Structures are given as C-alpha cells and as structure tokens.
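# Per-entry structural report
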Amino acid sequence: MPEDETACPDSGRRPSGRPDRGADRGPDSGADRGQGPERSGTDAIGCPFDFSEDLAFDPALADLMEQGPVTRVRLPHGDSEAWLVTSYNGVQQVTTDPRLSRAAIVGRDYPRLTPEPIVSPESINVIDPPESQRLRRAVTQAFTKPRVRRMRPAIEQVTGALLDEMAAHGPPADLVTHLSLKLPHHTICELLDVDRADRALLLEYTHRMLTTAPGQKQESADAKRHLRAYFGRLVRQRRDRPGEDLISTLAAASDEPLSDDELAVLAMTLLLSGNDTATCQISNISYTLLTQPHWWDLLVAHPERLPEVLDELLRIIPFRKGVGIPRLALADVEIDGTLVRAGDFVHVSYLTANRDPEVFARPHAFDPDRPSRPHMTFGWGGHHCVAAPLAMEELQVALGALLTRFPGLRLAVPSSELRWDTETIRRFPLELPVTW
C-alpha cells in the first residue's frame, strides 16, 4: 500500500468510495443483468470497459479534478483546511519536494478522515528523506523482488490450502472470508513470526485503527496503543532470542541499527500495510472481473496476460477512500500554477493521478494494452510502499490460483446486493459470495 492513511475531501458531494445507491451498496456494473457499462476501444483478447460512469471512483474526487489540479478542501477531522493536488505531475512534485514535509505534521491536528491519527511519530510514514532512508534501506532488503520471489512457494502453499477449504465448503462460498482476509494477514504474520493464537486479535486491532466512525476516537487510540505495546514486547523478545523472522533480521542489522521503538512501529506499520492493499484488491479485482465475465473467461484462456491485466486494474480500481497523509509546506511553493503558502497543509490523491488525462489516454477506460506508464497505487517518491513487491506477488498468486482452480467462478448474488465497507478508510466488498 502507499504509506498513507486516507481522508475524503468535502466538496459538497457525498464523500464516499461507493456509488450513491443506498446504504452498503457496491458499484454495480450491470453485468449480472447483461447490461455492462459502455465499452471503448478493442483489445487483443477482449474489449476494455469504461469506468467513467462507475461511481466506485469517489464522486467528490471526480468533482475536484474538474475544478483544477489544486483545490481547497476541508476534511472531517483536523483544525484547518488543506490543499488537494490531483494531477499526476503535481503529485510527483509534492511527493519529492523537500519544502513539503511529512515530519512537520507530527504534533499538529492535521486534516484527516480518521478520528485518531493512524501514524506514530516514529513511523517511516512521517519521517522525511534523507532521515527516512536508514529505515527504508533496512526494510527494503526484506522486500526485494528476488527475495519475494523466493517466498512465492510459501504463498502458493497457503493459497492452495485456503482454496482447498473453500472447495470443501462448496458453493456458494464467501471469497472474502476464505481468501482475501486470510492470505495477506497470514503472510505478513508469518514474516513477523506472530504467534497464531494472537493473529485474530491483531487483525481486529487493525480494523479498529482504520475506522472513520464518529465517536470512535478512544477505541481507535486504544487499538493503536495495544498494537504498539504488543510489538514492543515482540521486539524485546527477538533481541534476546532471535529467530529467522523479519523482526529478528532487522534487529540484527549492525550497519544502521534500529531502536526498539523504531522496530516496534515498523512492525506495526508492516502489519497494517500487509493487511491493506492485498486484502482490498484481491476482493476488488475479483469483483471487477466477475462483473465483467468475458474478461474472466479470457484470462482463463490466456493466463499469460494476468500481469498486465493486474497492473491496469491496480491503476484504475481505488482500494481506499479519499487522500493520504498530508505534508506541511515549510516555505512558499508553486504547484501547478497555485501558490501554496508556508504553513499550509497539502494532500495528494494517488487515485486522481492514476486517471490524469494528460498522462493516461482515455483515463477511465480499462485497457491493459495501453502504453506503459507507472501508476501511483503504491505511492510515489520517498514514501513509495516498500512492500509493494510482496503485495504484487500475493495478488498474482491469489488471482492465478482462482483462475486455475475455479475457471467457472461466478458471483452467487446480483452485484447490487453486495455490502461494501462503509466504516473504515478502505474500499472493498465485505462479502463476495461466489459459485462455480
């Protein structure tokens, strides 16, 4: 995941990661009724579909994109307004300009969606380069592409076991329960060597930290405190009795040693991010393909196309609502023709940057054959997600296994009946009943 928490801007529209079709209703392409969205263009193995009318893309963000590349917004929590940058080039500038600081937000009541700030002051998420590079270098060693590829057999084994359980359960089965929630959580807990008896409770704490519900500030703060204390104890144990896990590896680093607090917060951050992108996007991508069954069938016939299809789906499908952790302007700076004054908060939207028409032709169209251009789903600049290779490996294994094991997979209910997460900053179906 991009190393962000997220927050919905208030533009006078209903701030939601879902279409306004009533409580808990998900984006309905109409595919289950034989009325797919308007298509545009052609593809070597199928027809791209157009997301321009799919309100899964936050309508508030769509409005703000229309207003210009830099706009003023007010968020549900925090004591001030902020600038929101929506263009690809503007987001690149904000995420790499040293005059715009994440570290400077610490101790301030910055604009955000969650009642309690998710990040901790010691977190890699709010440390600016070059200071953050010490932490990033340590963690990046654990998530290099070659090292993650060596983890693939273990991910495949876990995925196979989970799908065995789903097959034994028989249709209809909930894909979220059987696969989306379990695979990412199990993988990151294995990396951190978290006791199996503790894993369910840690997952509950992560959900509480991500809540956007009013009146949940204390519950969110308590969950954060419990996670911090848990990993603090785990770090001390691994210092005394190191193993083969990631915490022990990072604790043993001698060239740039990390403190106990840094390690505890880093482990907590990895748990949150390990449960985030992959959990949401296994569900979101499965939902999208199952509501466009011609694409599911074509991937069954052409599994070699899965990598570029996944990359394009990651560009276009939001797994979060709104925008991320802001930066504070340390000096006056011009962004896309707008003067931002020192002391102003600045948010960026990776979601809108991924649909910038100046960068992506027909930006709302799903087209895996479009010319390659890096998207921002995993962030950009000094806070690009270090665990992105692991998330991609999990997605490729999970979707590849589904296509192989269940080629006839279909939604078991009309897509309009699905319930979507409305209580946290994440966007994904709470259940995804499937049959085969």
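Further up the page is the structure itself.
As the structure is a computational prediction, the values presented were derived from the model and not from experiment.

Bringing the pairing of strand 2 (residues 82-85) into the picture now. Residues A82 and L84 point to one face of strand 2 and W83 and V85 to the other, with burial holding for every one of them. Of the pairings in the sheet, the one linking strand 2 to strand 8 (residues 345-348) comprises 3 bridges and is parallel in character. Across the sheet, residue W83 finds its bridge partner in strand 8, namely V346.

For the rest of this paragraph, the subject is the nonpolar core. Buried together is how nonpolar side chains tend to be arranged in soluble globular proteins. Of all hydrophobic cores here, the largest spans 91 residues; its most connected members are F143, L179, F231, I285 and L402. Ranked by the residues each element gives to this core, the list is headed by helix 15 (residues 388-405), at 11 residues. Setting aside residues no more than four positions away along its own chain, L179 makes contact with T159, L162, L163, P184, I282, A398 and L402. Ranked by size, the runner-up nonpolar core spans 19 residues in total, among them V70, V85, V348 and A353.

A few words on the sheet that holds strand 10 (residues 433-435). Spatial ordering of the open sheet is given by 4-10-9, a layout of 3 strands whose pairing is antiparallel. This sheet does not close on itself; its edge strands, each paired only once, are strand 4 (173-174) and strand 9 (410-411). Bridge analysis of strand 4 against strand 10 gives 2 bridges, and the strand direction is antiparallel. Paired with A173 across the two strands is V434, which belongs to strand 10.

Running from amino to carboxyl end, helix 11 (residues 277-290) crosses helix 15 at an angle of 35°, the nearest separation of the two axes being 10 Å. As for the relative orientation of helix 11 and helix 15, their crossing is right-handed in sense. Here A278, Q281, I282, I285, S286 and L289 of helix 11 come into contact with helix 15, specifically with E394, L395, A398, L399 and L402. Residue composition of the contact of helix 11 with helix 15, grouped by class: 8 nonpolar, 2 polar and 1 charged.

Any aromatic ring pair is given by two values, namely how distant the centres are and how the planes are angled relative to each other. By the definition in use, this model includes 6 aromatic pairs. On the numbers, 5.1 Å between centres and 90° between planes, the contact of Y287 with W420 is edge-to-face. One end of the pair, Y287, is in helix 11; the other, W420, is in the loop between strand 9 and strand 10, and 133 residues separate them in sequence. In this pair, the class of Y287 matches that of W420, namely buried. One aromatic cluster in this structure is built from Y88, F360 and W380. For the cation-ring pair, R72 lies above W83, with the distance from its terminal atom to the ring centre recorded as 4.6 Å. It is R315 that lies over the ring of F360; its NZ or CZ is 4.9 Å from the centre.

Procedures and definitions
Within every chain, residues take consecutive numbers counted from 1 along the sequence as written. With pLDDT at 70 or above as the cut-off, local features in this predicted model cover only qualifying residues; side-chain atom pairs require 80 or more to be listed or tallied, and sums for whole chains, interfaces and linings still use all residues. Based on all heavy atoms of the structure, the side-chain values leave hydrogens and waters out of the count. The buried label applies to any residue whose accessible area, calculated with a 1.4 Å probe on protein chains only, is under 20% of its type's maximum; exposed applies above 50%, and partly exposed to all values in between. Here a strand is any run of E in DSSP of at least two residues, a helix any run of H or I of at least four, and the numbering for each starts at the N terminus. When DSSP finds at least two bridges between two strands, those strands are taken to pair. In this text, buried Ala, Val, Leu, Ile, Met, Phe, Trp, Tyr and Cys residues form a nonpolar core when linked through side-chain atoms within 4.5 Å. Note on contacts: a residue pair qualifies if any of its non-hydrogen atoms lie within 4.5 Å across the two residues. Between N-to-C directions, angles span 0 to 180 degrees; the directions come from axes that are lines fitted to C-alpha atoms, helices contributing only their stretch in contact. Each crossing gets its handedness from the near helix: less than a right angle anticlockwise from the far helix is left-handed, clockwise is right-handed. Here the nonpolar group is Ala, Val, Leu, Ile, Met, Phe, Trp, Tyr, Cys and Pro; Asp, Glu, Lys and Arg are the charged ones; every other residue, Gly included, is treated as polar. Pairing of aromatic side chains requires ring centres within 6.5 Å, counting the rings of Phe and Tyr and the six-membered ring of Trp. Pairs whose planes differ by under 30 degrees are stacked, by over 60 edge-to-face, and all others tilted. Here, a charge over a ring is recorded when the distance from Lys NZ or Arg CZ to the ring centre is within 6 Å and its angle to the ring normal is within 35 degrees.

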